[in-house]
Amino acid sequence: MKQDCLDIGIIQAFLDGELAHTESARVSGHVATCDACALMLADAEDESALVFPALEREFASLVPTQRLWSKINASIETEKQSAPFWQRAWAFITLNLTTPSFVAAAGMIVVFGIAALLIIDRGYKSPQVAGVRPVQVSAPQPAAPPVASASSPDTVVSNIPETRPIMAEQISLRSAVRRPRTTTVTGTPAFASPDVSNGYFPGEESYVKTIASLSRSVESAKDAVMRPGERVAYERDMAVVDDAIAKMRTEVKRNPRNESAKQVLYSSYQNKIDLLNSVSQKEELVASLK
Amino acid sequence: MTGSGRKLEYGFVLAVMALALSLSATGQTVVAPPAAPATRSIAKAEIPPVPSMFGESTERSIKVDPSINLSLCVSEGTLKVNGWTRNELRVFVQDGSNFEFKTQQTSPKTGDPVWVMVTAVSDRNKVVPRSECIRGGDIEIDIPVNAAVNVKGQDVTSTIDGVRKASVKIIGGNTFIRNVTDGVTVSGGQGGIAVESSSGAMSLDSTTGNIVVFEAGPSDIGDIFRAKTNGGAISLEKITHRQIEVNSISGSVSYSGSLLNGGSYSFGTSNGSIRLTLPTDTSSTVSASYGFGAFRSEIPITTITENISEGPVKSTVGRIGGGDSTLRLTTNNGSISIRKP
Ligand SMILES: [Zn+2]
């Protein structure tokens, strides 16, 4: 145990996404260097995972719910044995509605969410951000380019995330479609070739630059586009990712041959890009709904 | 606070379910006759709205090509899409916007619509809708089983059942997909995603919602399964895709099923645990990178290389059985466990 060890309340708040960004970063930073607290976090995290079966039982004991479900199932189902799955699925995916942080945020959502939507409604535009599309920094293994025919409406449902720009155009119900630009970073050098002349590890620079350009647009948009509960979760996830990046960079610097640290570093960069992307994608969706 | 809060949430869930039930009770009884074949390239529905006993409800139907593509935008409401064997598209909106069909493309062979949009239209005595997105208490759609359905929207609880393809892109609301035969793409925003008994390439992502999938497989060789959530948990059972990529930032990942020979499986989370339940005859090369927490396996692993010394990352590369598939596991703060069924 260290002097500045976390109490379980702080850890719970961290897991529930109730901490401010700096506090959240402090927690993940501390957890990274303190096994006792890491263990406590892991336990608490396991406990929240246990809420699911508990919730399921609670759901099952709600007689009206049960009855409603069987009726709903009867109307949408062809085979009976899948009903338990839907019950379970419902309990599972509505779990986030029942976490304390969500309930706490619910009131805020009502107030700020409406305000935000009003603001968004009033000709809220940010073409710079709208141009930012799904980014996949192709690190070690480049994926085969997807084949998509723009002429066939069949591509409206795309199997491949990389074809999203086309899909987004076709799925848009507005005639004046904003043309998204795909940001793809390719040609990442292999891990093996050492290149520390510019202060980056091999392959790191493309991630860092992509993140920098995404961050600029997202920073200006995130308040408007995210609801309070979602915003809190975003900050927590960002703290987790930033902490992982910082830790792994230090480790790779210390031991450039640590392939595992590199693997975690690059996957953390990709997580950060995905996280930033989720904001810009949402912003684009919000804009297209008007 | 949590007690009453949860009660409230249950109340909300009950209300949603009641809505869904009332939809299923009232919606399915009125079915309009098929519309005349649309011969023009841009054709509007020929069927006038069918008045309903309940508030402002509209029902329209149109004859369509069996492999119809449907696009619609829903600003809020409960959406239920059902595949049926008729070559007809039927849309019923209860307590919501009036709407029309916009045929974007027709089949050169039959002249029937192959791509239809459903868009909101203004009623005479109402203000012009701001967008083409439908607002409805309940929206129910029947569509040919070979259809591709594309939904985008704001707060939508949707159930899509028994069509060829499904694509959903929403800000919030839960999405249920089942019996879809050739591909599922869901970008669920804050909502949760549940997929059951479906095949084809899958791409499921959510920001704070959980993802749960039960019984999914490829429809073509090479179909990839992807699931990604920032803050939610991911639970997968009986997935038979040969390439599976699963990632969460602050949630746990669980997988129960086989690893197919030649398959490639990647499970990652920054701040959560990874739990796999694998059959004892599994054959896989495992590469695990983990920070805090432990790596445990009930199934024997022959270690090839291992680095569990100091430093923020530990790693283990090992073989289960003959090593015929690739399994990559990555977590920062969390444990990895492999269990027997
Ligand atoms: Zn500590």
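Residues numbered from 1 in each chain as written. Chains lettered and ligands numbered in written order. Predicted model: local features only at pLDDT ≥ 70, side-chain atom pairs only at ≥ 80, totals over all residues. Heavy atoms only, no water.

Draft legend 1. A look at the overall build of chain A. Along chain A, the regular secondary structure elements total 12 helices and two strands. Long-range pairs, those at least 24 residues apart, make up 71% of the contacts in chain A with a sequence separation of at least 6. Working note: accessible area of chain A is about 13700 Å², and carbon and sulfur atoms make up 61% of it. (Helix = DSSP H or I, 4+ residues; strand = E, 2+ residues; numbered from the N terminus. Contact = heavy atoms within 4.5 Å. Areas by Shrake-Rupley, 256 points an atom, 1.4 Å probe, with all protein chains shown as cover.)

Draft legend 2. Quick peek at the state of the cysteines. Residue and element names in this part refer to chain B. In the structure shown here, the tally under the stated rule is one disulfide over all chains. There is a disulfide in this structure between Cys 73 and Cys 133, and the S-S distance comes to 2.0 Å. Between Cys 73 and Cys 133, the S-S dihedral sits near 70°, and the bridge is therefore right-handed. Pair noted here: Cys 73 is in strand β2 (residues 69-84) and Cys 133 is in the loop between β5 (113-121) and β6 (134-144), with a separation of 60 residues, a long-range link. Assigned by exposure class, Cys 73 and Cys 133 land together as buried. (Disulfide = S-S within 2.5 Å. Buried < 20%, exposed > 50% of the residue type's maximum accessible area, 1.4 Å probe, protein only.)

Draft legend 3. Spatial organisation of the environment of Thr 229 of chain B. Residue and element names in this part refer to chain B. For Thr 229, the location among the structural elements is in strand β14 (residues 224-229). The class for Thr 229 is buried, based on a relative accessible area of 1%. Here the alpha-carbon distance between Thr 229 and Ile 249, two residues 20 residues apart in the chain, equals 6.9 Å. In this view, Thr 229 contacts Ser 206, Thr 207, Thr 208, Gly 209, Ile 211, Ile 234, Asn 247, Ser 248 and Ile 249; residues no more than four positions away in its chain are not counted. Of note is the side chain of Thr 229, whose polar atom sits 3.0 Å from the backbone oxygen of Gly 209. (Polar contact = N/O pair within 3.5 Å; in protein donor to acceptor, adjacent residues only side chain to side chain.)

Draft legend 4. Summary view of the confidence of the model for chain B. Residue-level pLDDT values for chain B average 83, and 81% of them are 70 or greater. Below a pLDDT of 50 lies the segment residues 1-54 of chain B, which in the model reaches 105 contacts outside its immediate sequence neighbourhood of four places, other chains included. (pLDDT = per-residue confidence, 0-100.)

Draft legend 5. Focus on the pairing of strand β8 (residues 165-172) of chain B. Residues and elements named next belong to chain B. Taken across its eight residues, β8 has eight buried, putting it largely inside the fold. Two strands pair when backbone bridges link them, and strand β7 (residues 148-161) and β8 are joined in this way by seven bridges, in the parallel orientation. Pairing of Val 149 across the sheet is with Ala 166, part of β8. In this structure, β8 lies alongside strand β10 (residues 184-187), joined through four bridges in parallel fashion. Each bridged residue has a counterpart across the sheet, and for Lys 169 the counterpart in β10 is Ser 187. (Pairing = 2+ DSSP bridges.)

Draft legend 6. Main features of the packing of helix α11 (residues 228-254) of chain A against helix α12 (residues 259-288) of chain A. All names here are of chain A. Taken N-terminus to C-terminus, the directions of α11 and α12 make an angle of 155°; their axes are 9 Å apart at the nearest point. Judged by the angle between their axes, α11 and α12 are roughly antiparallel. As α11 packs across α12, the resulting crossing turns out to be left-handed. Between α11, through Glu 230, Tyr 234, Asp 237, Met 238, Val 241, Asp 242, Ala 244, Ile 245, Met 248, Arg 249, Glu 251 and Val 252, and α12, the contact on the second element is made entirely by Ala 261, Lys 262, Val 264, Leu 265, Ser 268, Tyr 269, Asn 271, Lys 272, Leu 275, Leu 276, Val 279 and Lys 282. Within the contact of α11 with α12, the residues separate by chemical class into 14 nonpolar, two polar and eight charged. (Axes fitted to C-alpha atoms, helices over the stretch in contact; angles between N-to-C directions. Parallel < 35°, antiparallel > 145°, perpendicular 65-115°, else oblique. Left-handed = near helix turned anticlockwise from the far one by under 90°. Nonpolar A, V, L, I, M, F, W, Y, C, P; charged D, E, K, R; others polar.)

Draft legend 7. Representation of the pairing of β6 of chain B in the model. Residue and element names in this part refer to chain B. Of all 11 residues that make up β6, nine are buried, and the element is covered over most of its length. Pairing of β2 with β6 involves nine bridges; the strand directions are parallel. In the strand pairing of β6, Lys 80 is matched with Glu 140. Pairing geometry for strand β3 (residues 88-96) and β6, over six bridges, is antiparallel. Directly across from Val 93, in β6, lies its bridge partner Ile 139.

Draft legend 8. Quick peek at unusual backbone geometry. Residues and elements named next belong to chain B. For Asp 95, which is not a glycine, the phi torsion comes out positive at approximately 55°. Relative to the helices and strands, Asp 95 is located in strand β3. With a phi angle near 55°, Asn 179 is a residue other than glycine that sits in the positive phi range. As for its placement among the helices and strands, Asn 179 is situated in the loop between β9 (175-178) and β10.

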